[in-house]
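Survey of secondary and tertiary structure
The chain contents come next:
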Amino acid sequence: MSPARLTVELVAAVRALLPREAETVPLHEPHFEGNEWRYVKQCLDSGWVSSAGAFVDDFETRLAEVTEAPFAVATVNGTAALHLCLLGAGVASGDEVIAPSLTFVATANAIAYCGAIPHFADCEERGLGLDPAKLAVHLEAIGEPRQDGLYNRHTGRRIAAVLATHVLGHPSDLDPLVALCDAHGLPFVEDAAEALGSRYNGRHVGCHGRLGALSFNGNKILTTGGGGAVLTRDEALARRLKHLSTTARLPHPWHYEHDAVGYNYRLPNINAALGCAQLEGLPRALQAKRRLAERYRRALEPVEGVAFFAEPSYAESNYWLNTVTLEVAAEEMLETCLKALHAEGILARPAWQPMHRLPMYAEAPRMALDMTESMTARLICLPSSVPLVDEETDAAR
Ligand SMILES: *Cc1c(COP(=O)(O)O)cnc(C)c1O
């Protein structure tokens, strides 16, 4: 198939399933159709808008229910949640943390905030998460078990944890990753920022290891404006991280006493109010996402040279961002497609620039990243907002 024809067919297929009247179709927009106004108003009326209030506690309880994580700690954003997760996993200055190169920059930044160094690992083609087989071989090759943990024999630094991202909402292959971490005594942490509602072998992601982080940024499946949460099954850890997120202040009616260098990371009540309303709409949002994914899958089937990126067989994905992959990895081809889509007002996006190519992480240790390089030259994320598949528009089709 000639590049010109592929581009034309791809644009036509995508355009055909998007609203005709829309001049530009953003990648992902928030949607407010439930109790958002009501809860935010209650918040303003009560005067409880900041980092204490009933909505924050309520949001945490509801989140814990939805994710089947016994404990949730709400934070100002997903990056702060990741930072707390890593502190909770015991990551310290001078450590290395295994992380994917194919991820959003926040994953690597959270590692750097701990004074630690990301050690980049390759992804799988199937679910885009860390490749457990490659990671096993790599840890065998570079790992040196010592009394206080696993060390990188080349750098002499301790490997403190493995942080896996559920890329675009598709769960990583969790069982082998958790088993590998257990075998090496490494805490396993999930960057589930994009994956609220996604399941691995029937179980919600975010709590398969010691800790997990969610994000409720404006472009995620559910938004609090800005926000995030730490998930864990460990009650003591949840309590400690909540303490750290509230400046490590000791409870007292008037004295300001703090017992650690804490953070101002608690989610404000007004944002949590929005979150409570958004969580009520989550089941509907997940259904809409699956319908949109199915529609993309069908529309893209006849287009030669591309494939719809479907959820891996072990998972039920939230299909946060629908994605198409070019069969051949070629960055000029990718650029041509993106340009053509944008010319039609379809605000598609490529994958992130992989972490090992960014200036601040260019010197970080890493394994061979062949699949990451290949996927970076092949992935195109397509508009995936929930309102694109409203019941009304569905009925009109
Ligand atoms: C959005 C996102 C984050 C960060 O969340 P914020 O709420 O924007 O701080 C972290 N990791 C991944 C993979 C993300 O997509």
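We now turn to the structure provided with this report.

Parameters at a glance
- Residues numbered from 1 in each chain as written.
- Predicted model: local features only at pLDDT ≥ 70, side-chain atom pairs only at ≥ 80, totals over all residues.
- Heavy atoms only, no water.
- Helix = DSSP H or I, 4+ residues; strand = E, 2+ residues; numbered from the N terminus.
- Rg over C-alpha atoms; globule rule 2.2 N^0.38 Å.
- Buried < 20%, exposed > 50% of the residue type's maximum accessible area, 1.4 Å probe, protein only.
- Contact = heavy atoms within 4.5 Å.
- Areas by Shrake-Rupley, 256 points an atom, 1.4 Å probe, with all protein chains shown as cover.
- Lys, Arg positive; Asp, Glu negative; His and termini not counted.
- Charge placed at Lys NZ, Arg CZ, Asp CG, Glu CD.
- Near = heavy atom within 4 Å.
- Polar contact = N/O pair within 3.5 Å; in protein donor to acceptor, adjacent residues only side chain to side chain.
- Nonpolar A, V, L, I, M, F, W, Y, C, P; charged D, E, K, R; others polar.
- Phe/Tyr/Trp six-rings, centres within 6.5 Å; stacked < 30°, edge-to-face > 60°.
- Lys NZ or Arg CZ within 6 Å of the ring centre and 35° of its normal.
- Pairing = 2+ DSSP bridges.
- Arc of directions from axis to C-beta.
- Core = buried A, V, L, I, M, F, W, Y, C linked by side-chain atoms within 4.5 Å.
- Salt bridge = Lys/Arg side-chain N within 4 Å of Asp/Glu carboxyl O.

1. Remarks on the overall build of the protein chain
Counting its secondary structure elements, the protein chain contains 13 helices and 16 strands. Relative to a compact globule of 397 residues, whose C-alpha radius of gyration would be 21 Å, the protein chain shows 21 Å and is just as compact. Overall, the C-alpha framework of the protein chain stretches about 65 × 60 × 35 Å when taken along its three principal axes. Across the 397 residues in the protein chain, those meeting the buried criterion constitute 55%. Counting contacts in the protein chain only where the partners sit at least 6 residues apart, residues at least 24 apart contribute 71% of the total. Of the roughly 16600 Å² that the protein chain leaves accessible, carbon and sulfur atoms contribute 54%. Here the protein chain contributes 35 positive and 49 negative side-chain charges, whose respective centroids are spaced 2 Å apart.

2. As for the site of the ligand
Around the ligand sit 16 residues in total, of which Gly-78, Thr-79, Glu-194, Ser-215 and Lys-220 are the nearest. Here a nitrogen atom of the ligand and a side-chain polar atom of Asp-191 are 2.8 Å apart. The contact in question runs from an oxygen atom of the ligand to an N or O atom on the side chain of Ser-215, over 2.7 Å. Here the ligand, which alone exposes 380 Å², has 92% of that area covered by the protein. By residue class, the composition of the shell around the ligand is 4 nonpolar, 9 polar and 3 charged.

3. A short note on the packing of aromatic side chains
Overall, the coordinates contain 6 aromatic pairs when judged by the stated rule. Considering the side-chain rings of Phe-59 and Phe-216, the 5.2 Å spacing of their centres and the 70 degrees angle between planes classify their relative orientation as edge-to-face. Placement of Phe-59 in helix H3 (residues 54-67) and of Phe-216 in the loop between strand E10 (211-215) and strand E11 (228-232) is noted, with a sequence separation of 157 residues between them. An angle of 20 degrees between the planes, with centres 6.0 Å apart, marks the rings of Phe-308 and Tyr-319 as stacked. Pair noted here: Phe-308 is in strand E12 (residues 306-308) and Tyr-319 is in the loop between strand E13 (315-316) and strand E14 (322-326), with a separation of 11 residues, a long-range link. A residue is classified by how much of its surface remains accessible, and Phe-308, at 15% relative accessible area, is buried. A relative accessible area of 6% means that Tyr-319 is categorised as buried. Taking the ring centre of Tyr-151 as reference, the NZ or CZ of Arg-146 above it sits at 3.9 Å.

4. Side note on the sheet that holds E12
Judged by pairing direction, the sheet is antiparallel, and its 4 strands sit side by side in the order E12-E14-E16-E15 without closing on themselves. Each end of this open sheet is capped by a strand with a single partner; those strands are E12 and strand E15 (349-350).

5. Structural notes on the pairing of strand E1 (residues 71-75)
Moving residue by residue along a regular strand, the side chains alternate between the two faces of the sheet. Where burial is concerned, most of E1 is hidden: 4 out of the 5 residues are buried. Looking at chain direction, E1 and E11 are connected through 5 bridges and run antiparallel. For Val-73, the partnering residue across the bridge sits in E11 and is Val-230.

6. Comments concerning helix H7 (residues 174-184)
Every buried residue belonging to H7 is among Leu-174, Leu-177, Val-178, Leu-180 and Cys-181, and all of these are buried. The arc enclosing the buried residues of H7, seen along the axis, measures out at 160 degrees, which places them on a common side. Within H7, the exposed residues directed more than 90 degrees away from the buried face are Asp-182 and Ala-183. Of the surrounding secondary structure, the elements contacted by the buried residues of H7 are helix H6 (132-142), strand E6 (158-165), strand E7 (188-191) and strand E8 (199-200). Backbone geometry just downstream of H7 places Gly-185 in the positive-phi region, at approximately 70 degrees.

7. Some points on the nonpolar core
If you look at the biggest cluster of nonpolar residues, it comprises 104 residues, and the most contacted ones within it are Leu-135 and Ile-380. Tallying contributions element by element places helix H10 (residues 282-300) first for this core, with 7 residues. Sequence-distant contacts of Ile-380, that is, excluding residues within four places in its chain, are made with Leu-10, Asn-322, Thr-323, Val-324, Leu-326, Leu-334, Cys-337, Leu-338, Leu-341, Ala-348 and Arg-349. With 29 residues, the next largest nonpolar core counts Leu-84, Ala-99, Ala-238 and Leu-241 among its residues.

8. Overview of the pattern of salt bridges
Opposite charge on two side chains makes pairing possible when the charged atoms of those side chains draw close. All told, the structure shown has 22 salt bridges when counted by the stated rule. A salt bridge links Arg-239 to Glu-235, with the nearest nitrogen and oxygen atoms 3.9 Å apart. In this pair, Arg-239 and Glu-235 are both assigned in helix H8 (residues 235-245), 4 residues apart and thus about one turn of the helix distant. A network of salt bridges, in which partner residues are shared, links Glu-294, Arg-297, Arg-298 and Glu-301.

9. A short note on the pairing of E10
Among the 5 residues of E10, 5 are classified as buried, and the element is accordingly described as predominantly covered. Residues of E10 alternate between two faces, with Leu-211, Ala-213 and Ser-215 on one and Gly-212 and Leu-214 on the opposite face, all of them buried. As paired elements, E7 and E10 share 3 bridges and run parallel to each other. The residue of E10 that forms the bridge with Val-189 is Leu-211. Sheet topology places E10 next to E11; 5 bridges connect them, and they run antiparallel. Its bridge partner being in E11, Gly-212 is matched across the sheet by Leu-231.

10. Some words on the sheet that holds E8
Across the sheet, which stays open at both edges, the 3 strands sit in the order E9-E8-E13 with antiparallel pairing between neighbours. Where the open sheet ends on each side, the last strands, each with one partner, are strand E9 (203-204) and E13. Here E8 runs beside E13; their pairing, made up of 2 bridges, is antiparallel. Within E13, the position partnered with Arg-199 by the bridge is Glu-316.

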